[in-house]
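Structural description and commentary
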Amino acid sequence: MRAGPENILIVKKENDKRVREAFHNIVGYMGRHHPKATLFHEDAPDIPPELHKWRPSSGQPIDLVITLGGDGTVLRVSSLFSTGPVPPVLSFSMGTLGFLLPFHIGSFETAIHHVFLGQATVLPRMRLACKFYDRDGLEFDGCGAGGWQVMNEVTLHRGRSPHLTTVDSYVDGQHLTEAVADGLILSTPTGSTAYSLSSGGPIVHESVSALLLTPICPRSLSFRPLLLPGSSRITLQLSEKSRAQSAEIFMDGKEARFLQREEFVSIAASRFPIPCVNRSSLGHFPVPTPTDDDSSPHHNHAPRAEDDWVRDINTLLQFNATFRNKDQGLLRPPDPSEMDIPTAPKPKPEGGPSPGEHHRPPP
């Protein structure tokens, strides 16, 4: 990322006291340390006077987006830039857990400072581009030239229908399978830890160029999630044999439209990923230079900057955690001595031994 972004858009979670406080702290910091930067906010009645109102249709270019809140704020950014390139996104956590929140709000001054120095690198997170077609193959209006842009997943679900839906799936025009299920999920690597994971899909590293097709409650026990090349074009068509007369399409958890029998959605990797600033890119770990003497795979190199993804699946998902050691950050059973559980007083035995003497119960 080049140093010195000029136009900065702040996207924040609404109706949250901590977010409002952090928002005003960042605005104050920017005014003191980077007064030449122009700050923008979505059009709202309560934005401070030093911020400018911004709409997706305004045409005002944005060099950096700062988000305050949960993962939903990053998904909000994706929807704001749904027709073209997305500027780099610097995301701050307000104490909540999230895979898209590499920075804690307490470190916002350091993170912003490194960004202005041009020392930050970004991870381009894949998005999906979706278009809808009727049974005659004619595109529905409203998809835009590049299609709907989705960051996590596209879900085709039976919705309110009590019947399983039948969906024909195609990969690059070749028929893959006829799925009889509650629905299908097509997700990005970023979305692999969302709805797809809850439906039994695998965890996919965010730098892998792939599409993940995951069934939702399939009738066939042999239908397993599939990892497809990121260059594939996937078509999901509601079969004419489907008992459900229609199916609902959800994009990043929001209802998009209904599909009738023989209508379909075409999905491919978008040309416009979301560039997210990496936490590890701002680390200060030395990167070793290989030599002829350390070509052994067991050579003990100096540590590299940690992988955000590896850290997140261990801290957020407790990946493969066992009931062992608290010091290692793993789960363990509760210690009864640490639990505030009242115990009933033991009755004093009549004519029994005095304290300190052993008492053998009668046979």
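Owing to the predicted nature of the structure, the values given are computational and were not obtained by experimental measurement. For every chain, the first residue of the written sequence is number 1, and numbering continues from 1 along that sequence. Where totals are concerned, whole chains, interfaces and linings use all residues; where local detail is concerned, this predicted model gives features only for residues with pLDDT of at least 70, and gives and counts side-chain atom pairs only at 80 or more. In computing side-chain properties, one takes all heavy atoms of the structure into account and sets aside hydrogens as well as water.

Section: the pattern of salt bridges
Between side chains of opposite charge, pairing is possible as soon as their charged atoms come close. Salt bridges are counted wherever a side-chain nitrogen of Lys or Arg sits within 4 Å of a carboxyl oxygen of Asp or Glu. Under the defined criterion, the tally for this structure stands at 11 salt bridges. Notably, a salt bridge pairs arginine 158 with aspartate 182, separated by 2.7 Å at the nearest N-O pair. Note that arginine 158 is positioned in the loop between strand E10 (153-157) and strand E11 (165-171) and aspartate 182 in strand E12 (residues 174-187), a separation of 24 residues in sequence. Relative accessibility under 20% of the residue-type maximum defines a buried residue, over 50% an exposed one, and the middle range a partly exposed one, all with a 1.4 Å probe and only protein chains included. Assessed through its relative accessible area of 22%, arginine 158 is described here as partly exposed. Bridged by salt links that share partners, the residues Lys13, Asp16 and Arg18 form one connected network. Helical segments are the DSSP runs of H or I of at least four residues, strand segments are the runs of E of at least two, and each set is numbered from the N terminus.

Description of the pairing of strand E15 (residues 233-238)
Taking burial as the measure, the 6 residues of E15 include 5 buried ones, the bulk of the element. Two strands are counted as paired when DSSP detects at least two bridges linking them. Of the pairings in the sheet, the one linking E11 to E15 comprises 5 bridges and is antiparallel in character. Note on E15: the bridge partner recorded for valine 171 is isoleucine 234. As paired elements, E15 and strand E18 (residues 264-269) share 5 bridges and run antiparallel to each other. Bridging across to E18, isoleucine 234 finds its partner in isoleucine 267.

Digging into the packing of aromatic side chains
Classification of ring pairs rests on two measures: the distance between centres of Phe, Tyr or Trp rings, Trp counted by its six-membered ring, which must be within 6.5 Å, and the angle between planes, read as stacked under 30 degrees, edge-to-face over 60 and tilted in between. Under the criterion given, the structure shown has 4 aromatic pairs. Consider the rings of tyrosine 133 and phenylalanine 264, whose centres lie 5.1 Å apart with planes at 15 degrees: the pair is stacked. Taken together, the positions of tyrosine 133 in strand E8 (residues 128-133) and phenylalanine 264 in strand E18 put the pair 131 residues apart, joining distant regions of the chain. Counted as over-ring charges are cases with an Arg CZ or a Lys NZ within 6 Å of the ring centre that also lie within 35 degrees of the ring normal. The cationic tip of arginine 257 hangs over the ring face of phenylalanine 132; the distance from NZ or CZ to the ring centre is 5.4 Å. Between arginine 257 and the ring centre of phenylalanine 140, over which it is positioned, the NZ or CZ distance is 4.2 Å.

Side note on helix H2 (residues 71-80)
Within H2, the full set of buried residues consists of Thr73, Val74, Val77, Ser78 and Leu80. Looking straight down H2, one finds that the buried residues subtend no more than 165 degrees of arc, so they occupy a single side. Directions drawn from the helix axis to the C-beta atoms are what define this arc.

Re the side chain of serine 187
Relative to the helices and strands, serine 187 resides in strand E12. Throughout, a residue-residue contact means that at least one pair of heavy atoms, one from each residue, lies within 4.5 Å. Filtering out sequence-adjacent residues up to four positions away, serine 187 remains in contact with Asn152, Glu153, Ser192, Ser196, Ala210, Leu211 and Leu212.

Some thoughts on the pairing of strand E16 (residues 246-251)
Relative to E16, E10 runs antiparallel, the two being bridged by 4 bridges. Pairing of leucine 156 across the sheet is with isoleucine 249, part of E16. Sheet topology note: the E16/strand E17 (residues 254-260) ladder contains 6 bridges and is antiparallel. Paired with isoleucine 249 across the two strands is arginine 257, which belongs to E17. Hairpin connection from E16 to E17: 2 residues lie between these consecutive antiparallel strands, with aspartate 252 at a positive phi of about 50 degrees.

Quick notes on the nonpolar core
It is characteristic of soluble globular proteins that their nonpolar side chains tend to be buried jointly. Throughout this description, the term nonpolar core refers to a set of buried Ala, Val, Leu, Ile, Met, Phe, Trp, Tyr and Cys residues connected via side-chain atoms within 4.5 Å. Grouped together as the largest cluster of nonpolar side chains are 27 residues, with contacts concentrated most on Ile26, Met30, Ile66, Leu68, Leu90, Phe92 and Ile112. When residues in this core are grouped by element, the largest group, 7 residues, is from helix H1 (residues 17-33). Those residues in contact with phenylalanine 92 that lie beyond four places of it in its chain are Ile66, Thr67, Leu68, Gly69, Leu101, Phe103, His104, Ile105, Ser107, Phe108, Ala111 and Ile112. Counting residues in hydrophobic clusters, the runner-up holds 25 residues, among them Leu211, Leu213, Ile234 and Val265.

Looking at the side chain of aspartate 134
Tracing the backbone through its elements, the reader meets aspartate 134 in the loop between E8 and strand E9 (148-150). We treat Lys and Arg as the positive residues and Asp and Glu as the negative residues; His and chain ends play no part in the count. Salt bridges are absent for the buried aspartate 134, whose nearest opposite-charge side chain, arginine 135, sits at 7.2 Å. For this analysis, a polar contact is any N or O atom pair within 3.5 Å, provided that within protein one partner can donate a hydrogen and the other can accept it, and provided that sequence-adjacent residues contribute only side-chain to side-chain pairs. One polar contact links the side chain of aspartate 134 to the main-chain amide nitrogen of leucine 138, over a distance of 2.8 Å. If near-sequence neighbours (up to four positions away) are discounted, aspartate 134 is found in contact with Phe140, Glu262, Glu263 and Phe264.

Observations concerning unusual backbone geometry
One non-glycine residue, aspartate 172, lies in the positive phi region at around 50 degrees. Tracing the sequence through the fold places aspartate 172 in the loop between E11 and E12. A relative accessible area of 52% places aspartate 172 in the exposed class. A positive phi angle is found at cysteine 217, which is not glycine, with a value near 50 degrees. Structurally, cysteine 217 is set in strand E13 (residues 210-218). Judged by relative accessible area, cysteine 217 falls into the exposed class, the value being 54%.

Some words on the confidence of the model for the chain
In this model, the chain carries an average pLDDT of 82, and 78% of its residues clear a pLDDT of 70 or more. A score between 0 and 100, pLDDT records how confident the predictor is in each residue. Per-residue pLDDT stays below 50 along residues 284-305; that stretch engages in 17 contacts with residues further than four places along the chain or on separate chains. The model gives residues 330-345 a pLDDT under 50, and that stretch makes 16 contacts with residues more than four places away or in other chains.

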